[in-house]
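Descriptive structure summary
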Amino acid sequence: LSGGVITPERFDTPADFGSLALIGAALGSGGFIAYDDTRNVPRIASSLARFFYVESCNQCPACKQGLRLASSAIDELFDSSKATHDDPERALYGARSAPQGHRCFLPVQGATVIPSLISRFRGEFEARYREPLAPTEAVPVPLLVDYVAATRSFALDESYVRKRPDW
């Protein structure tokens with residue numbers, strides 16, 4: 001979750017720090033999350049923004065408030081009584097304001113990923129505003145908790161969706 005989106009036309013980009021930085025992405029710790037075109041990008045953004053907001057340690061007000069604004073603005077796109085045309089802009093403002101006086105890299109990640117999704121898939125966010133009740137499938141954040149050697153697979157934290165940001 002530490003770098004911008006890599007769209008299909010950029011899949012041939014070498015996986016090194018410099019090459020990925022040039023396309024607005026990042027190598028981070030070398031892990032990537034891949035979503036196919038059946039996933040709803042505003043749902044992805046909602047899940048990732050919520051992840052950043054929930055994981056904020058609450059020590060830096062700009063981070064906690066900025067990531068809360070980003071998360072809630074994106075979530076409003078899925079509620080016909082709250083959706084407004086400026087939800088993506090408010091999400092951008094919140095994400096970009098988060099890394100002010102920060103103590104860790106989490107708000108920088110949010111300020112990279114959220115704007116990357118909104119700018120590269122602006123049309124999908126506008127469509128979501130026009131039809132906030134259009135059915136979409138939730139997109140959980142694939143939060144790894146363990147490696148299971150016997151099955152050579154990773155265990156995901158399936159309880160994560162219940163975690164609250166107000167701990």
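In this text the structure is predicted, and so the values were computed from the model without any measurement. (Residues numbered from 1 in each chain as written. Predicted model: local features only at pLDDT ≥ 70, side-chain atom pairs only at ≥ 80, totals over all residues. Heavy atoms only, no water.)

Some remarks on the environment of Ile-33
For the record, the criterion: The numbering of helices and of strands both runs from the N terminus, where a helix is a DSSP run of H or I of at least 4 residues and a strand a run of E of at least 2. Buried residues are those whose accessible area, probed at 1.4 Å on protein chains only, stays under 20% of the maximum for their type, while exposed residues exceed 50% and partly exposed ones sit between those limits. Any two residues whose heavy atoms approach within 4.5 Å are treated as being in contact.
Within the element layout of this structure, Ile-33 appears in the loop between helix H1 (17-22) and helix H2 (41-55). Ile-33 gets classed as partly exposed once you look at its relative accessible area, which sits at 37%. Sequence-wise, Ile-33 and Arg-90 are 57 residues apart; in three dimensions their C-alpha atoms are separated by 25 Å. The contacts of Ile-33, once residues within four sequence positions are left out, are Leu-1 and Pro-142.

Let's talk about the pattern of salt bridges
Heads up, the rule is: Take a side-chain nitrogen of Lys or Arg and a carboxyl oxygen of Asp or Glu: if they are within 4 Å of each other, that pair is a salt bridge.
This structure, assessed with the given rule, holds six salt bridges. Its salt-bridge partner being Arg-39, residue Glu-137 comes within 3.7 Å of it at the nearest N-O pair. Highlighted residues: Glu-137 in the loop between helix H6 (122-130) and strand E1 (144-148) and Arg-39 in the loop between H1 and H2, separated in sequence by 98 residues. On the basis of relative accessibility, which here comes to 29%, the residue Arg-39 falls in the partly exposed class. The residue Asp-86 makes a salt bridge to Arg-90 at a minimum N-O spacing of 3.8 Å.

Considering a nonpolar patch on the surface
Here is the rule: Only residues above 30% relative accessible area that lack a salt bridge enter a patch, with like-charged residues linked at up to 9 Å and the nonpolar side chains Val, Leu, Ile, Met, Phe, Trp and Tyr linked at up to 5 Å. Reported accessibility uses the Shrake-Rupley method at a 1.4 Å probe radius. Residues are deemed covered only where the shown protein chains occlude them.
There is a patch of nonpolar side chains on the surface, built from Leu-144, Tyr-147, Phe-154 and Leu-156 and spanning about 420 Å² of accessible area. Of all the elements in the fold, those that place two or more residues in the nonpolar patch are E1 and strand E2 (153-156). You can see Leu-144 is positioned in strand E1.

Considerations on the pairing of E2
Where we set the bar: Two strands pair under a simple rule: DSSP has to find at least two bridges between them.
Where E1 meets E2, four bridges bridge the pair, whose relative direction is antiparallel. Looking at E2, one finds that Tyr-147 is bridged to Phe-154. In textbook terms, the turn of a hairpin is the stretch between consecutive antiparallel strands, and for E1 and E2 this stretch comprises four residues, one of which, Arg-152, has a positive phi near 50°.

As far as function goes, none of this settles anything; it's purely spatial.
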